[in-house]
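Spelled out from the first residue to the last, the chains are:
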Amino acid sequence: MGIVVYPGSFDPFTHGHLDIISRAAKIFDKVIVAVSVNSGKKPLFTIEERVAMITRECCHLENVEVGYFHGLLVDFVKEKNAQAIVRGLRAVSDFEYEFQMALTNRNLSPELETIFFVAQPMYSFLSSSIVKEIAGLGGDISGFVSKGVAEQLRIKYTNKKT
Ligand code: COA
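What counts, and at which threshold
- Residues numbered from 1 in each chain as written.
- Predicted model: local features only at pLDDT ≥ 70, side-chain atom pairs only at ≥ 80, totals over all residues.
- Heavy atoms only, no water.
- Near = heavy atom within 4 Å.
- Polar contact = N/O pair within 3.5 Å; in protein donor to acceptor, adjacent residues only side chain to side chain.
- Areas by Shrake-Rupley, 256 points an atom, 1.4 Å probe, with all protein chains shown as cover.
- Helix = DSSP H or I, 4+ residues; strand = E, 2+ residues; numbered from the N terminus.
- Core = buried A, V, L, I, M, F, W, Y, C linked by side-chain atoms within 4.5 Å.
- Buried < 20%, exposed > 50% of the residue type's maximum accessible area, 1.4 Å probe, protein only.
- Contact = heavy atoms within 4.5 Å.
- Phe/Tyr/Trp six-rings, centres within 6.5 Å; stacked < 30°, edge-to-face > 60°.
- Pairing = 2+ DSSP bridges.
- Axes fitted to C-alpha atoms, helices over the stretch in contact; angles between N-to-C directions.

Asks: What is the right way to look at the site of the ligand in this model?
Replies: As a matter of local geometry, the ligand sits amid 23 residues, with Ser-9, Lys-41, Tyr-97, Ser-128 and Ser-129 nearest to it. Here an oxygen atom of the ligand sits 3.5 Å away from a polar atom, N or O, in the side chain of Ser-127. Within the side chain of Ser-128, a nitrogen or oxygen atom sits 2.7 Å from an oxygen atom of the ligand. About the coverage of the ligand: the protein hides 86% of its 940 Å² of free accessible area. Contributions of two or more residues to the shell around the ligand are made by β1 (3-8), α1 (15-27), α4 (92-108) and α5 (128-136).

This is the structure in structure tokens:
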């Protein structure tokens, strides 16, 4: 059913992101996870660290590819010959922002569709910021991220303190 791009900042990659990717990978021929620079956010992990993190977390999914982009999402989608953008909807509060992004992207590239996956209820409260906040305060994040990601967060926050 074609190629789709799942963009985001993934700082860090959580179980909620993996849920969306795994479900999209069952439907589409190829899912390209695209790590982006969000000008409104100050990331904890570098782009390279996030690409490596997601590549490791998705290595069991054969039709998932991981990349990154600096410019417009629509240009990356075109470059990859993808037909649609995939996004996750966690709660009603996501809707307005997602609606604005989908319409903007359609305006920039009229043939481009945005497809929404409704997040599983168990991840509907999850965000990368919440995970960082808990990890930074030494809390248990094992229900939200993999062991590998939790270890990377632990190292980041240990280095920050020293
Ligand atoms: N499970 C868990 N968390 C989820 C989630 C899910 N299913 N879906 C979203 N989130 C979280 C993310 O972790 C993130 O948390 P944070 O804000 O605490 O970091 C938050 O929800 C939303 O972030 P994300 O989905 O990563 O989107 P974003 O807002 O960081 O990035 C881009 C959006 C990158 C797609 C967008 O900025 C973009 O396209 N940029 C390129 C420039 C461009 O083309 N602009 C014009 C288009 S509008």
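Anyway, onward from the coordinates.
Asks: Sorry, what's going on with the environment of Glu-151 here?
Replies: Note that Glu-151 resides in helix α6 (residues 147-161). For the pair Glu-151 and Tyr-68, spaced 83 residues apart in the sequence, the C-alpha separation amounts to 23 Å.

Asks: What should I look at first to understand the nonpolar core in this one?
Replies: Soluble globular proteins tend to pack their nonpolar side chains together in the buried interior. Among the nonpolar cores identified, the biggest contains 35 residues, and Tyr-6, Phe-13, Ile-21, Cys-58, Val-64 and Leu-153 are the most heavily contacted of them. Those elements that provide at least two residues to this core are β1, α1, β2 (30-36), α2 (47-57), β4 (84-89), α5 and α6. Excluding its chain neighbours within four sequence positions, the residues that come into contact with Ile-21 are Tyr-6, Phe-13, Val-33, Cys-58, Leu-61 and Val-64. In terms of nonpolar packing, the next biggest core, distinct from the first, is built from eleven residues, Val-5, Val-77, Ile-85 and Leu-112 among them.

Asks: Is there a simple way to explain the packing of aromatic side chains in this structure?
Replies: The geometry of an aromatic ring pair is captured by two quantities: the separation of the ring centres and the angle between the planes. Applying the stated rule across the entire model yields five aromatic pairs. Consider the rings of Tyr-6 and Phe-10, whose centres lie 5.4 Å apart with planes at 65 degrees: the pair is edge-to-face. For Tyr-6, a relative accessible area of 6% puts it in the buried group. Overall, Phe-10 belongs to the buried group, its relative accessible area being 2%.

Asks: Please clarify how the environment of Val-31 should be interpreted in this entry.
Replies: Considering the arrangement of structural elements, one finds Val-31 in strand β2. When the C-alpha atoms of Val-31 and Gln-100 are compared, they prove to be 23 Å apart, with 69 residues separating the residues in sequence. Aside from chain neighbours lying at most four places away, what touches Val-31 is Val-4, Tyr-6, Ala-24, Ala-25, Asn-63, Val-64 and Glu-65.

Asks: I tried to follow the sheet that holds β4 on my own but got confused; where do I start?
Replies: Strands pair in a sheet through their backbones, by hydrogen bonds, and they do so in one of two ways: parallel or antiparallel. Spatially, β3-β2-β1-β4-β5 is the arrangement adopted by the five strands of the open sheet, whose pairing is parallel. Looking at strand neighbours, the two that pair on one side only are β3 (64-69) and β5 (113-118), the edges of this open sheet. Each strand axis lies, on average, 30 degrees off the axis of its neighbour in the sheet, ignoring direction. Both β1 and β4 contribute to a ladder of two bridges, which runs parallel. Counterpart to Val-5 in the pairing with β4 is Ile-85.

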